[in-house]
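Each chain is listed here by its residues.
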Amino acid sequence: EVVKSGKYLHIPREIPYIGNILNNILASMPLINRLGLIEYIIARPTFFQENKSPDVSVSIIVPTYEEAGNIKNITQRIPQIGQKTELIFVDLPGKDATARVIKETAKNYKGKLSIKYVSQTRKNGKVGALRLGVAKATGEIVIIYDADMTVPPEDIEKIYLALTERKGDFVNGTRLVYPTEKGAMRFANHLGNSFFARLFTWGLGQHFTDTLCGTKGFWREDFINFEKTKVSYDNFDLYGDFYLLLSAYRKNLRIAEVPVRYKTRRYGDTKMNRLRNGMRFLLMFLYFFWNYKLLRRAD
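What you are looking at is a predicted structure, and each value in this text was computed from that prediction instead of being measured.

Caption draft 1: Seen up close, the overall build of the protein chain. From N to C terminus, the protein chain includes 10 helices and nine strands. Against the 2.2 N^0.38 benchmark of 19 Å for 299 residues, the protein chain shows a C-alpha radius of gyration of 20 Å, consistent with a compact globule. For the protein chain, the spread of C-alpha atoms along the principal axes amounts to about 70 × 45 × 35 Å. Here the protein chain, with 299 residues, has 47% of them falling under the buried criterion. Partitioning the contacts of the protein chain with sequence separation of at least 6, the portion at a separation of at least 24 is 80%.

Written out as structure tokens, the structure reads:
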């Protein structure tokens, strides 16, 4: 099973200081990259995938911050998937009653899901909530889901099926395949998402349509490996989207995109500063590209 392939070494003579950098730049340029003298293929035996059961336990992690109006709807609409499904709310206490609503909902819930509540003691971003959630998770598969419910909870099952049916080792939701609901995504957001998707397509050599969708799925053991080999520029991402994608790429995991629907937010408002975080995302990608693609530094 081929995970990655490509060509490199365009300049076969040594040029002090810049030879390796030039070779790596040319290997990343469209069309010119096909002229490399060395072809490489990263592959693995297909029996690695056969060891994973098609019916596994799932942990759905929902980071929350002032999302009291969405909690009950989430618990009512999240599907039961896999052998066992646990729903983990990781809450950063705010000005509304989100924590109280989570606790009351968990106490009164009569369905088949297992509901857990985790409190963030300090503000360390959505990626910090993800780490807390994974620490409390027992599922073999972890799916991260945004509490704003702009992606319908029912679409989570697609992420699970893509993982268990071996479509990919890491599954990234994409909101830019199906038509989005009117008003769901601002023009500036759409422009930024399209820009980063093209940047990743060029830089990673794999087609992406959306890199900033909050709905993602992966095997818990892979996330633990991400954490063990985290690099300095991973800390630029407070939301975890780029951290997860770039970590999966560095670990030679097969990344699959799954289309999800995108709706308008019904309660609350976005917590993201678009311009500031856009600059952080761009800086993170540039650090990655310089260190991993041009200098070819290992983890």
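Caption draft 2: Structural view of the sheet that holds strand 4 (residues 84-91). Strand order in the open sheet formed by seven strands is 5-4-3-6-8-7-9, with mixed pairing between adjacent strands. Looking at the sheet topology across the chains shown, the edges are occupied by strand 5 (114-119) and strand 9 (255-259). Between one strand and the next, the sheet's axes are offset by a mean angle of 20 degrees, whatever the strand orientation. The sheet contact formed by strand 3 (residues 57-64) and strand 4 spans eight bridges and is parallel. Bridge pairing links V62 to F89 in strand 4. Contacts from helix 8 (residues 220-228) reach strand 6 (141-144), strand 7 (170-174) and strand 8 (216-219), with the element oriented near 90 degrees to strand 8.

Caption draft 3: Structural view of the pattern of salt bridges. This structure, assessed with the given rule, holds 11 salt bridges. The partner of R265 in a salt bridge is E67, and the shortest N-O contact between them spans 3.1 Å. Note that R265 is positioned in the loop between strand 9 and helix 10 (274-294) and E67 in the loop between strand 3 and helix 3 (71-77), a separation of 198 residues in sequence. Measuring nitrogen to oxygen at the nearest pair gives 3.3 Å for the salt bridge that ties E104 to R100. Of this pair, E104 and R100 both sit in helix 4 (residues 98-108), separated by four residues, roughly a single helical turn.

Caption draft 4: Here's a closer look at the environment of Y262. Looking at the secondary structure, you find Y262 in the loop between strand 9 and helix 10. Given the relative accessible area of 11%, Y262 is considered buried. Residues Y262 and R175 lie 87 residues apart in sequence; the distance between their C-alpha atoms is 5.8 Å. In this view, Y262 contacts T150, V151, R175, T180, E181, A184 and M185; residues no more than four positions away in its chain are not counted.

Caption draft 5: Looking closely at the packing of helix 9 (residues 241-250) against helix 10. For the pair helix 9 and helix 10, interaxial distance at closest approach is 11 Å and the crossing angle is 15 degrees. What the angle tells us is that helix 9 and helix 10 run roughly parallel. For the crossing formed where helix 9 meets helix 10, the hand is right-handed. Residue-level inspection shows F242, Y243, L246, Y249 and R250 of helix 9 in contact with helix 10, the latter providing F281, M284, F288, Y292 and K293. Residue composition of the contact of helix 9 with helix 10, grouped by class: eight nonpolar, no polar and two charged.

Caption draft 6: Representation of helix 4 within the structure. Listed as buried for helix 4 are T98, V101, I102 and T105. Around the axis of helix 4, the buried residues are gathered within 100 degrees of arc, so they sit on the same side. Seen from the buried face of helix 4, the exposed residues on the opposite side, beyond 90 degrees, are K107 and N108. Where helix 4 is buried, its residues touch strand 3, helix 3, strand 4 and strand 5.

Caption draft 7: Examining unusual backbone geometry more closely. Even without being a glycine, L9 presents a positive backbone phi close to 65 degrees. For M149, which is not glycine, the phi dihedral falls at a positive 60 degrees. Mapped onto the elements of the fold, M149 is located in the loop between strand 6 and helix 6 (156-164). Given a relative accessible area of 12%, M149 falls into the buried group.

Each value, and the rule that gives it
- For every chain, the first residue of the written sequence is number 1, and numbering continues from 1 onward in sequence order.
- In view of the model being predicted, local features appear only for residues whose pLDDT reaches at least 70, and side-chain atom pairs are presented and counted only at 80 or more, with totals across whole chains, interfaces and linings using the full set of residues.
- Derived side-chain values reflect all non-hydrogen atoms in the structure, with water molecules and hydrogen atoms excluded from consideration.
- Here a helix means four or more residues in a row that DSSP labels H or I, a strand means two or more in a row labelled E, and each is numbered from the N terminus.
- Atoms counted for the radius of gyration: C-alpha only. Globule rule: 2.2 Å times residue count to the power 0.38.
- The buried label goes to any residue with under 20% of its type's maximum accessible area, the exposed label to any with over 50%, and the partly exposed label to all in between, with areas taken from a 1.4 Å probe on protein chains only.
- Contacts are residue-level and defined by heavy atoms, with any inter-residue pair within 4.5 Å sufficient.
- When DSSP finds at least two bridges between two strands, those strands are taken to pair.
- Where helices are involved, their axes are fitted lines through C-alpha atoms of the stretch in contact, as for all axes, and angles between N-to-C directions lie from 0 to 180°.
- Each salt bridge in this description consists of a side-chain nitrogen of Lys or Arg and a carboxyl oxygen of Asp or Glu lying within 4 Å of one another.
- The scheme is simple: roughly parallel for angles under 35 degrees, roughly antiparallel for over 145, roughly perpendicular for 65 to 115, oblique for anything else.
- Throughout, a crossing is termed right-handed when the near helix is turned clockwise from the far one, and left-handed when it is turned anticlockwise from it by less than a right angle.
- Under the scheme applied, nonpolar residues are Ala, Val, Leu, Ile, Met, Phe, Trp, Tyr, Cys and Pro; charged residues are Asp, Glu, Lys and Arg; polar residues are all the others, including Gly.
- When we speak of the arc, we mean the arc of directions from the helix axis to the C-beta atoms.

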